[in-house]
Each structure stands twice: as structure tokens, then as C-alpha cells.
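A look at the structure
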Amino acid sequence: KFTSKGISRLSARTIPEETVESDFMIEKLQHRPLGVVCCIAPWNFPAIISALKWSRALFYGNTVIVKPSPETPVVDLMIAEALAGDGTWQPPSNNEKGSVFPSGVFTVLTAPDAGTDFNLGAFLSLHPSIRGVSFTGSTSTGKSILASSSTDVKRVTLEMGGNDAAIIRPDVDVKETAKKIFNESMVNTGQVCIAIKRVYCHESIYYDFVQALVEQAEEAASTVGSGFDEGVKYGPINNARQLERVKELIEDAVAQGATVVAGGGSPPGTTAGTDGFFFAPTILTGVHEGMRIVDEEQFGPVLPVMPYNTDEEAISRANHGEYGLGASVWTKDMEAANMIANRLDAGSVWENCHGNLGSGQLPFGGRKASGLGREHGETADLACYTESVVVRAMK
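If you're wondering where the values come from, they're calculated on a predicted model, not measured in any experiment. (Residues numbered from 1 in each chain as written. Predicted model: local features only at pLDDT ≥ 70, side-chain atom pairs only at ≥ 80, totals over all residues. Heavy atoms only, no water.)

**Regarding the overall build of the chain**
Selection criterion: Numbered from the N terminus, helices here are DSSP runs of H or I no shorter than four residues, and strands are runs of E no shorter than two. In this setup the radius of gyration rests on C-alpha atoms only. A globule is expected at 2.2 Å times the number of residues raised to 0.38. Relative accessibility thresholds used throughout: buried, under 20% of the residue-type maximum; exposed, over 50%; partly exposed, between the two (1.4 Å probe, protein chains only). Two residues form a contact once any of their heavy atoms are found within 4.5 Å. A 1.4 Å probe and the Shrake-Rupley method give the accessible areas. Residues count as covered only by the protein chains that appear here. His is not counted, nor are the chain ends, whereas Lys and Arg count as positive and Asp and Glu as negative. In this description, the location of a charge corresponds to atom NZ of lysine, CZ of arginine, CG of aspartate or CD of glutamate.
Looking only at helices and strands, one finds 12 helices and 18 strands in the chain. Taken over C-alpha atoms, the radius of gyration comes to 23 Å for the chain, in line with the 21 Å a tight globule of 395 residues would show. C-alpha extents for the chain along the principal axes are approximately 70 × 55 × 40 Å. Residues classed as buried in the chain amount to 47% of the 395 residues present. Within the chain, contacts between residues at least 6 apart in sequence are counted, and of these 69% link residues at least 24 apart. A total of about 18500 Å² of accessible surface is found on the chain, and carbon and sulfur atoms cover 54% of it. Looking at the chain, you have 33 positive and 47 negative side-chain charges, and the mean spots of the two groups are 5 Å apart.

**Things to note about the packing of aromatic side chains**
Any two aromatic rings considered together are summarised by their centre-to-centre distance and by the angle between their planes. Which entries qualify depends on this criterion: Ring pairs shown here join Phe, Tyr and Trp side chains whose ring centres sit within 6.5 Å, with only the six-membered ring taken for Trp; geometry is labelled stacked below 30 degrees between planes, edge-to-face above 60, and tilted in between.
Applying the stated criterion across every chain, the model contains seven aromatic pairs. A ring pair is formed by F118 and F123, whose centres lie 5.6 Å apart and whose planes are at 55 degrees; its orientation type is tilted. Residue F118 is classed as partly exposed on the basis of its relative accessible area of 39%. Centre to centre, the rings of Y206 and Y207 are 5.3 Å apart; their planes meet at 80 degrees, and the pair counts as edge-to-face. You can call Y206 buried: its relative accessible area is 6%. For Y207, a relative accessible area of 68% gives the class exposed. An aromatic cluster is built from W54, F101 and F106, whose rings are joined through pairwise contacts.

**Here's the deal with the pattern of salt bridges**
Pairs can form between side chains of opposite charge once their charged atoms are near each other. Applied cut-off: Salt-bridge detection follows one rule: a side-chain nitrogen of Lys or Arg within 4 Å of a carboxyl oxygen of Asp or Glu.
Tallied over the full model, the rule gives 22 salt bridges. When the shortest N-O distance is used, the salt bridge between E27 and R392 registers 2.9 Å. Pair noted here: E27 is in strand β2 (residues 25–33) and R392 is in strand β18 (residues 386–394), with a separation of 365 residues, a long-range link. Overall, E27 belongs to the partly exposed group, its relative accessible area being 24%. For R392, a relative accessible area of 52% translates into the label exposed. Note that D345 is salt-bridged to R367, the shortest N-O span being 2.7 Å. One end of the pair, D345, is in the loop between α11 (334–341) and β15 (348–351); the other, R367, is in strand β16 (residues 367–368), and 22 residues separate them in sequence. On the accessibility criterion, D345 (23% relative accessible area) is partly exposed. One network of salt bridges, in which partners are shared, links R245, E248, R292 and E296.

**What about the environment of I293?**
Position of I293 among the secondary structure elements: in helix α9 (residues 292–295). Taking the C-alpha atoms as reference, I293 lies 38 Å from T107; in sequence the two are 186 residues apart. Excluding residues within four positions of it along the chain, I293 makes contact with L249, A253, L284, V287, Q298, V302 and P304.

**Here we look at the sheet that holds strand β17 (residues 371–372)**
Keep this limit in mind: A pair of strands counts as paired when DSSP detects no fewer than two bridges linking them.
The strand order β5-β4-β3-β6-β7-β17 describes an open sheet built from six strands, whose pairing is mixed. With one partner strand each, in any of the chains shown, β5 (106–108) and β17 form the two edges of the open sheet. Bridging between strand β3 (residues 36–40) and strand β4 (residues 63–67) involves five bridges; their strand directions are parallel. Residue pairing across strands places V36 opposite T63, the latter belonging to β4.

**Considering the state of the cysteines**
Each disulfide consists of a covalent bond between the sulfur atoms of two cysteine residues. How we decide: Any pair of cysteine sulfurs within 2.5 Å is marked as a disulfide.
Enumeration according to the criterion identifies zero disulfides in this entry. Summary of cysteine pairing: C193 is not part of a disulfide, and the nearest cysteine sulfur, belonging to C384, is at 15 Å. Note on C193: relative accessible area 14%, which makes it buried. Among the cysteines around C353, which has no disulfide bond, C193 carries the closest sulfur, lying 15 Å off. Judged by its relative accessible area of 31%, C353 falls in the partly exposed class.

**Some remarks on the pairing of β3**
For β3, a buried count of four out of five residues is recorded, marking the element as mostly surrounded by other parts of the structure. The pairing of β3 with strand β6 (residues 130–136) spans five bridges and is parallel. Bridging across to β6, C39 finds its partner in S134.

**Topic: the nonpolar core**
Note the cut-off: What we call a nonpolar core is a set of buried Ala, Val, Leu, Ile, Met, Phe, Trp, Tyr and Cys residues that are connected through their side-chain atoms within 4.5 Å.
Core analysis: the biggest nonpolar cluster contains 29 residues, and I167, Y200, L284, V287, I293 and V294 have the highest contact counts within it. Among the elements of the structure, β8 (164–168), α8 (240–255), α9, β12 (302–308), α10 (311–318), β14 (326–330) and α11 are those that each provide at least two residues to this core. When residues of this core are assigned to their parent elements, the largest contribution, five residues, is made by α8.

From the geometry alone we can't say anything about function, so treat these as descriptive.
Next up, the structure:
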């Protein structure tokens, strides 16, 4: 529904042209297509993220090459097949069963990333015919794409990793807020760039808040399984490599003194790797900055929870590290919420909620190593998918 609304809103847009006239000259600002745009999508939301990229690129007059994750190529291939129709193309008034676009306007390319010397993402970002790259994925891959694209100075937009912090002030309703924090950290089994990935809870309510999270995790453990089964709320981790990374981060934290207070392994009745890549929602205490589970993006159903003493401390620790995608503050004191929100170093900041993109009509992206440029919203999409050209004429 979010994707279809995002695409349908494009029909209401126009491509602006600004004119400035002086005594001696007329100047016109135009927004021209970049040319060929490569849309590189991740595996966690393959259909949604891909479609929001290629629909905007096409709207602004570009041709598109879609490169899905090798973990989830099928959905984009099915979309390409549907758009291709019977392979013929005529103007829309005469085109009932034919291709939606002329040949070459919309292309999907897939290839494995491992086990071969050929890397499709690197090839596309280096190719001189590609004039723009819109990427969503890990920070390490995004940095590689940025380096490759710099050889001929392509337009690059990067939405990369996140390590979103949530600050819980002492005046919240503990059980109600814990439930919301748990839901926003475990949505899609934690495999969301803007999921809550670390919590800073005021020390005066810390133990009660942890216990409330543990209750949520224990209840959720029985709802982990196949999405085809009734009552399931949390599916598997996407792939074996990611499952091993989640386990490794937990083991590293425990080795440094962390405590697993809920979860920490396969949910009841399953064996990870045998029955599927299932992992129970996990809560960790006894963690701190300097541990990988706090400093890195885990991208799985694991939530480290840490106490703090003052707002200043919470702000400083939330801003710690290389990521700056999202952050949130939870409190009944809206003056304090606004003060803290204005000092959080992230591209999206929420007050008493997290991860909700609202209308989807405003720019989205990250600061620091979480991104470069913005997508969504007319201003950001123009910058992402068009080139500004000024035509000047003497009177």
C-alpha cells in the first residue's frame, strides 16, 4: 500500500521550470533527465525499495537498470516480466497486451555477489553509460559504489546502514513504551534500516523497563516461524550469512560481560539452520559503547539496552559512532523532547514514535556513514534523478 501510494502520487507532480527575466537577459532553469540510472536494492524490502527508486527515475525521463540483491532477485524479475507483456510495444492507446515500455527503458540485471570474479554492482557503477546510481544497502557496499562512481563523477544517492538509538526519559509509561520500543526494534525480525537498534533508558526506570522488554520478548518467541503459519508475527533472518553475523555479535558481547536476559538462540521447537534461519527476539544488558553489538548495525532481532543518568549523557551516547540514519526520544515532556530531537545527529528524528515515514512525501536519508543525498519528496527526487541546466538568452 505504501509503495502504490508513493508511485501514484507521481501523477500529480510536474517538472518545474523557473524563469528569471532582467532588462537584458532571460534565464530558464530546467531539470533534465540524467540518462541511464542504476537502481540497486537490498534484500530486506526488495519490492518496495526497488519500485520507489525505478518509478521516480522513470517519471523524470530516465531509462533504468534495476539491480536487485542476489538474495532476492525473483520479485524484480517478475515485475520485469509483467511489464514486458508479449514483448511488443505501441503507443498506450493501442497497447492492450504489449510491453509497458519500449525496449531498453526498464531492465533488470541479476548476478551472484559471491563465488565469482564478476561483481555486477561494481561493473554497473563503473560503466560510463550509467549516469546516476541510487543505492540502498550496507555502508561498506555503499562506500565501494561511491568510489567506483567517482571515476566519471556520476550522480550518486546512498541510503546506507543505520544504528538507530532510542532515548527513554524517566516520565514515560514503562509498559506501554516498552511495547512500542520492542515492536519498532523487532519489526521484520529487526531487518529494517530504521529499526531501533540500541536503547538508552534512564537509570531510575531501567530495571522495570528491561523487565517489560523481557516480557515482550518471551511472549514474541512463540510467534516466530514461517509466515505461512497461523499466528506467526516474526519470520526468519533472510540468509545464513546474516544469521551467523547476529549470533557472532551476541557471542562477542557475552564474552565481554553482557547478559542475555531474553532469547539468544533458536525459538522453541526449532533448530537454526535446520528448520530455517529463525532466531528468537533477544534482549541484552550489561552492554556499552566499544562492544560490536552497540557500535555496529546488527540487522537482526537483538536489542542492547543501556542505562543513562542525564539528558546530556543520553544525547552524547546516542550520537556516538559512525551512523546517523534515525533516532528517537520518548517522553511526556514535549519541551524536553524538542530540545533532545534538535540535537540528535540523524537524518530522521522521531518524538514518541520511531520508523514511521508519515506521508512519504518528505526527504529521507542519513547523516555521516548512513547516507549521501536524499530520496522521496519532490525536492529530493529532482536532485537525485535530474540534472539542473540553466539556459540564458540575451534580449
